[in-house]
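Survey of secondary and tertiary structure
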Amino acid sequence: MPKAADPSQVLREVFGYPAFRGPQAEIVEHVIGGGSALVLMPTGGGKSLCYQMPALCRPGTAVVVSPLIALMQDQVEALRQAGVRAAALHSALDPQEVAATWRTLASGGLDLLYVSPERLLAGDLLERLAEGEIALFAIDEAHCVSQWGHDFRPEYIQLGVLAERFPAVPRLALTATADPRTREEIRTRLKLAEGRVFLTSFDRPNIRYLLRDKDEPKTQLLRFLEDHRGEAGIVYARSRSRVDRLAADLRAAGFDAVAYHAGLESGVRSAALDRFRRESGVVVVATIAFGMGIDKPDVRFVAHVDLPKSLEAYYQETGRAGRDGLPALAWMVHGPGDVPQLRRFIDDSEAPAGQKQIEHGKLDALIAFTEAPGCRRQVLLAHFGEQLAEPCGNCDGCLEPRARSDVSVPAQKLLSAVWRTGQRFGAAHLVDVLLGADTERIRSLGHGQLSVYGIGGELDREQWRALIRQLTALGLLVPVPEGRGGLQWGPEEEVRAVLRGERTLELPLPPPRRERRRSGSRGGATGQGAAMAAEWGEADPQVVAALKAWRTDQARQQAVPPYVVFHDRTLLELASRRPGSLAELAEVGGIGAAKLERYGTALLAVLAGS
Ligand code: ADP
Ligand code: ZN
């Protein structure tokens, strides 16, 4: 394709988009003009266009460094569908494919070349590239260069040489990691101190954050998933055994669920990943081993049945939902029971003491997030240094505000129970004592004889647990130093003030169990239909279904993921606008010239026939 001068024309004709989004226009212009930059944009923000557009507007081949083969393949497929001359060089290609790519490259026939960092730096690839014209270097997932960050890749460090060897070629580093320390490390290591920094808001307004008190995680999860049958999603759990068990439970409940963790054979893992990418309704149950490089746009929910290890991790994991901008859910059950184990992981790790302290601090920030009253998004963004002026209206804190009530008397009972049992037991046992449970442990410890035994009938188990969390958040209860989940009193003066009735505690508690059952999984619906209707008018579900069936067919024939053919967003827009001619089709977002030519007639037939 001849190099075009007008970016907005390229945007329309190649990608089928009417306008740039957020800072894209400014970034694209900066790079076309020869500038280097660091781009920080949340997942789904539209980073790819920031280098794909200059690649099409600047002379020469753009070199895109990407850490994962699957990621490269999808991008290359999607670009080819849009009529862009793109290829990838990586270890999974056979020699013929590699030779063909070399030839095309040498003849100046490539707009974009995707490579892994090790491939770029090995052999004579750089020399060969230098013989032709290089449009720019894009370094995707640039946080991999940071040792402070969580995806450190030693090969990335070498990428600093690009600045020295090709001082005249613009370099664009891109990441969705917001953390300021990582950001500085990227700039230093990739020698981008001179380049501009484009920092976008890290808010993901289409993601609804729903946190739930952990009660019976499996039952809660199944109830949550009930509203999301047929949707693609990720369920994060902490351990491999838990992942295996949950995946089996979900399958038994009729969900198309697959397990993913580092303990599985690599063939099994890649099959799971493949199904998740290529089909539209697969649920992956996974440890944190799953996720890096998942750019599937239509992940409708990310569920956590265990606490992640930090707020950064939570943000990144939940960020995999809703990259397409459509409504998505980040759902999590959490409880104090998760915390001791996480603390132990940190303490037992090999890390130096300073690092452990940092990790504990990160965990504290996460706990503060889970316990904060009010808007979740405000707390989350504040952690990344962003102030959200108004509550978001799209999280459990905003949608389900909890009434506060005077819990002074239950708090006194709880604090007494902690004292009488010797300041060393965790939440489960304390609640058993308060509720007068008949457990082996209570019998053997003789706790049935205590004055506090069975005095807590006014609250149910879940409410007691909530109260324990709140008193812990207030510092009235603190973990015992040796861990294991035990709790002891906080500062004695403060505790005594509560016990003597000098300090009143007004706190929000969950509604009693009976009511929770009745209200079911409120706030579960994503309101996808409603959001779409607001944008384009109603989409007929039958037409959407017909379009999806057609897309599945196309994807199968070409052996590509469905979203490479068209995103859900495009199908929904098609179904609500129902274009009747090629000219009208061209107006729909995501349909550029190449796709119009390739699929236009077929799409019109599907629309006419449904
Ligand atoms: P990121 O890499 O930042 O996570 P992507 O580059 O994958 O995000 O883009 C996210 C989604 O937004 C993709 O589906 C992409 O096609 C779409 N998108 C990006 N820019 C635009 C735009 N200007 N107009 C419409 N859709 C866009
Ligand atoms: Zn909110």
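Conventions and cut-offs
- All chains use their own residue numbering, which begins from 1 and follows the written sequence.
- The naming scheme follows written order: chains are lettered A onward, ligands numbered 1 onward.
- Side-chain atom pairs in this predicted model are given and counted only at pLDDT of 80 or more, local residue features only at pLDDT of at least 70, and totals for whole chains, interfaces and linings cover all residues.
- The side-chain quantities take in all heavy atoms of the structure and omit both hydrogens and water.
- Only nitrogen, oxygen and sulfur atoms qualify as donors, provided they sit within 2.8 Å of the metal or within 3.2 Å for Na, K and Ca; with water excluded from the atoms, sites may seem incomplete.
- A site with four donors is called tetrahedral when every donor-metal-donor angle falls between 85 and 135 degrees; four donors are called square planar, and six octahedral, when opposite donors sit more than 155 degrees apart and all other angles fall between 65 and 115; any other arrangement is irregular.
- Each residue is placed in one exposure class: buried if its accessible area under a 1.4 Å probe, protein chains only, is under 20% of its type's maximum, exposed if it is over 50%, and partly exposed if it falls in between.
- Each domain span listed reflects an automatic or database assignment of domains.
- Any Lys or Arg side-chain nitrogen found within 4 Å of a carboxyl oxygen on Asp or Glu counts as a salt bridge.
- Think of it this way: any DSSP run of H or I at least four residues long counts as a helix, any run of E at least two long counts as a strand, and we number them from the N terminus.
- Residue contacts are counted whenever heavy atoms from the two residues lie within 4.5 Å of one another.
- Classification of ring pairs uses Phe, Tyr and Trp, with its six-membered ring standing for Trp, and accepts pairs whose centres are within 6.5 Å; under 30 degrees between planes counts as stacked, over 60 as edge-to-face, and the remaining range as tilted.
- Over a ring means this: the NZ of a Lys or the CZ of an Arg is within 6 Å of the ring centre and within 35 degrees of the ring normal.
- In this analysis, strands are considered paired if DSSP registers two or more bridges between them.
- In this analysis, axes come from line fits to C-alpha atoms, helices being fitted only over the stretch in contact, and the angle between any two N-to-C directions falls in the range 0 to 180 degrees.
- Clockwise travel from the first strand over the helix to the second, with the strands pointing away from the viewer, marks a crossover as right-handed.

1. Focus: the coordination of the zinc ion (ligand 2)
Within the protein, the atoms that donate to the zinc ion (ligand 2) are Cys375 (SG), Cys392 (SG), Cys395 (SG) and Cys398 (SG), at distances of 2.3 to 2.4 Å. Its 4 donor atoms give the zinc ion (ligand 2) angles of 102 to 121° at the centre, a pattern that matches the tetrahedral case. Written as a sequence motif, the donor arrangement for the zinc ion (ligand 2) is C-x16-C-x2-C-x2-C. In this structure Cys395 comes out as buried when scored by relative accessible area, which is 0%.

2. Brief notes about the domain arrangement of the protein
A common way to express how large an interface is: the accessible area buried when the components associate. Entries for the protein in the domain assignment read domain 1 (7–199), domain 2 (207–335 + 372–396), domain 3 (405–507) and domain 4 (539–608). The C-alpha-based centres of domain 3 and domain 4 are spaced at 59 Å.

3. A word on the pattern of salt bridges
Should the charged atoms of two oppositely charged side chains come close, the side chains can pair. Counted under the stated rule, the structure contains 35 salt bridges. In this structure, Arg229 engages Glu226 in a salt bridge whose closest nitrogen and oxygen atoms are separated by 2.9 Å. Residue Glu226 is classed as partly exposed on the basis of its relative accessible area, which comes to 43%. Salt bridges linked by common partners bring Lys214, Arg238, Arg242, Asp306 and Asp338 together as one network.

4. With respect to the environment of Ser107
On the secondary structure map, Ser107 appears in the loop between α5 (95–106) and β4 (112–115). Judged by relative accessible area, Ser107 falls into the exposed class, the value being 57%. Between the C-alpha atoms of Ser107 and Gly132, which are 25 residues apart in sequence, the distance is 8.7 Å.

5. Brief notes about helix α15 (residues 338–348)
Turning to α15, its buried residues are Asp338, Val339, Pro340, Leu342 and Ile346. On the buried face of α15, the contacting elements are β13 (328–334) and α16 (353–371).

6. Quick notes on the packing of aromatic side chains
Scanning the model with the defined rule gives 13 aromatic pairs in all. A connected cluster of aromatic rings, assembled from ring pairs, spans Phe202, Tyr315 and Phe384. Here Arg496 stacks its cationic end above the ring of Trp419, 6.0 Å away from the centre of that ring.

7. With respect to the sheet that holds strand β9 (residues 233–236)
Strand order in this open sheet of 6 strands is β8-β13-β12-β9-β11-β10, and the pairing throughout is parallel. At either end of the open sheet lies a strand with only one pairing partner, and these are β8 (207–213) and β10 (257–260). Neighbour-to-neighbour, the strand axes of the sheet open up by a mean angle of 15°, direction not taken into account. The pairing of β9 with strand β11 (residues 283–286) spans 4 bridges and is parallel. Each residue of the ladder has a partner; that of Tyr236, found in β11, is Ala286. Across the sheet, helix α13 (residues 266–278) touches β9, β10 and β11, and the angle it forms with β10 is around 135°.

8. Observations concerning the pairing of β13
Counting buried positions over the 7 residues of β13 gives 7, a clear majority of the element. The alternating pattern of β13 places Ala328, Ala330, Met332 and His334 and Leu329, Trp331 and Val333 on opposite faces, both of which are buried. Pairing of β8 with β13 involves 7 bridges; the strand directions are parallel. Bridging from a neighbouring strand, Tyr209 pairs with Ala330 of β13. Sheet topology places strand β12 (residues 301–304) next to β13; 4 bridges connect them, and they run parallel. Among the inter-strand pairings, Phe301 is bridged to a residue of β13, identified as Leu329. Handedness of the β12-helix α14 (residues 311–318)-β13 crossover: right-handed.

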